[in-house]
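Report on the structure
Listed below, chain by chain, are the residues.
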Amino acid sequence: MTLPATFVIDSPGDAIRAAELRRVKILATSVLAATFAIFLAARALLPLHPAFGFIAAFAEAATIGGLADWYAVVALFKRPLGLPIPHTAIIQSNQHRIADKLGEFIEKHFLEAAPVETKLRQIDFGAFIADWLRDRKRSEDLARFALRLLPEAVAATETSGLMTFVSRRITAQLMSIDLAPLAAGTLRAFVKEGRHSGLLDDILRAVHQTMTQAETMAMIREKIRAELPTLLKLYRADKFLVNKIVASATAFFEEVRNDPAHPFRGEFDRMVMTFVDRLGTDPSYAERIEGLKRDLLARPEVTGLARHIWANARSFFERSASGETQVLEQYLVRMFVKAGEALAGDAEMRTEINQGLVAVLRTVIAEQKSGVSTFISDQVKSWDMGQLISLIEINIGRDLQYIRFNGSLIGGLAGLALYTLEYLLRLL
């Protein structure tokens, strides 16, 4: 299995680093060859002057130090000179162990609850969401994305039986509602707020307008005429009676409407409150209301209406997703932007979002960190170590080559010090 694309060594930076690595390698090897040549020359010239002994000691130790560090650097990545020397090609030989330890290290030191929570609390998720939503372009993209998913979500809802389940649950919930106490409470609040007085005024106004219409007066006159004796009909008593009835009724209506303390209003209040009390306590009222509710929910028109509404909603969603209508998209964009603006101005809400996300992410990371460790370990085990070693050498090999320089220098100085000590001891 090859490495991911990020490990491919073909970028301009990799080429430059590879060239620099080759240059430093050549230089380090040249230093090693030079110290060895100096050692040979100094040993040959030692009979001519004792000073060549110091040079030879320095060069000899520098050569040994350089060779030792060359071996150490090479053994880290591969087998020196291709020889099967034990404890060489350390990275290649321990690929699986390194992979397991790397995954374990990350799990223990990077995914522990305390450091993870500390890092998460440094992130202002609420501000990020607010800024993201306030950007109209992003909100438009989010709205279009949501609309593209909407038809599929609707289709999945229909085919999965979710609609049937939801319909049954809604029906069951509606059937479980005790409407009598609910209606009584609503009417009691209605009366307490005095809104029934306005209703009474509207009723009186409607009755007044109805009675003063020509059609209504003609109907009442015909009814009265049919009940009057023939003699009274000749004297047009029906018209007189109609006019008196209408005049008296409208005068009464106006009197009630214009007088907030009219006795009729008190009677109306008592009548309404009596009805409200009976509605909340009388079982017969409750049974009647429950019967009306069952009959209403059982009617096929209700089911047909629900299906018709759903079909229209589905058609609207499909047209919105296809771009035929922009109404829903524009509404979603405005909603997202307003939500972002509201969130930006609500520090308490942002704090709650941050705390909620920290709690969720902390739990998710705690539950999945072993899986992350296993994933990292498996990925490292699957890498092509040849490519990986080449990548490591290109990026840090230059610094490793300087170990060879240091080894030659430190070894040479150590050899020179030991030779000097030996020389002084011989003089004594």
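Keep in mind it's a predicted model, so treat the numbers as computed, not measured.

Thoughts on the UniProt feature "transmembrane region" (unreviewed entry) in the chain
Here, UniProt's "transmembrane region" (unreviewed entry) annotation points to residues 26–46, 52–77 and 405–425. Helix makes up 100% of residues 52–77 and strand 0%, and the two end C-alpha atoms of the span are 38 Å apart. Span residues 405–425 is 100% helix and 0% strand, its end C-alpha atoms 30 Å apart.

Let's talk about the packing of aromatic side chains
What describes a pair of aromatic rings is the distance from one ring centre to the other and the angle between the planes of the rings. Considering all chains together, one arrives at four aromatic pairs under this definition. Judged by centre distance (5.3 Å) and plane angle (65°), the ring pair of Phe 54 and Tyr 423 falls under edge-to-face. One end of the pair, Phe 54, is in helix α2 (residues 51–77); the other, Tyr 423, is in helix α19 (residues 385–427), with 369 residues separating them in the sequence. With 6.3 Å between their ring centres and 50° between their planes, Phe 316 and Phe 317 make a pair best called tilted. Aromatic ring contacts, followed pair by pair, group Phe 54, Tyr 419 and Tyr 423 into a single cluster.

Topic: the environment of Leu 76
Assignment of secondary structure puts Leu 76 in helix α2. Measuring from C-alpha to C-alpha, the distance between Leu 76 and Gln 92 comes to 8.7 Å, with 16 residues separating the pair along the chain.

Points about the pattern of salt bridges
Scanning the model with the defined rule gives 13 salt bridges in all. Note that Glu 104 is salt-bridged to Lys 108, the shortest N-O span being 3.1 Å. Here Lys 108 and Glu 104 lie together in helix α4 (residues 95–109), a separation of four residues that amounts to about one turn. Given a relative accessible area of 31%, Glu 104 falls into the partly exposed group. Assessed through its relative accessible area of 46%, Lys 108 is described here as partly exposed. Here Glu 117 ties to Arg 362 by a salt bridge, and the two come within 3.0 Å at their closest N and O atoms. With a gap of 245 residues between them, Glu 117 in helix α5 (residues 113–121) and Arg 362 in helix α18 (residues 347–382) connect regions that are remote in the sequence. One salt-bridge network, in which partners are shared between bridges, spans Lys 137, Asp 141, Arg 144 and Glu 329.

Cut-offs used in this document
- Residues numbered from 1 in each chain as written.
- Predicted model: local features only at pLDDT ≥ 70, side-chain atom pairs only at ≥ 80, totals over all residues.
- Heavy atoms only, no water.
- UniProt positions renumbered as here; feature names shortened; annotations may be inferred.
- Helix = DSSP H or I, 4+ residues; strand = E, 2+ residues; numbered from the N terminus.
- Phe/Tyr/Trp six-rings, centres within 6.5 Å; stacked < 30°, edge-to-face > 60°.
- Salt bridge = Lys/Arg side-chain N within 4 Å of Asp/Glu carboxyl O.
- Buried < 20%, exposed > 50% of the residue type's maximum accessible area, 1.4 Å probe, protein only.

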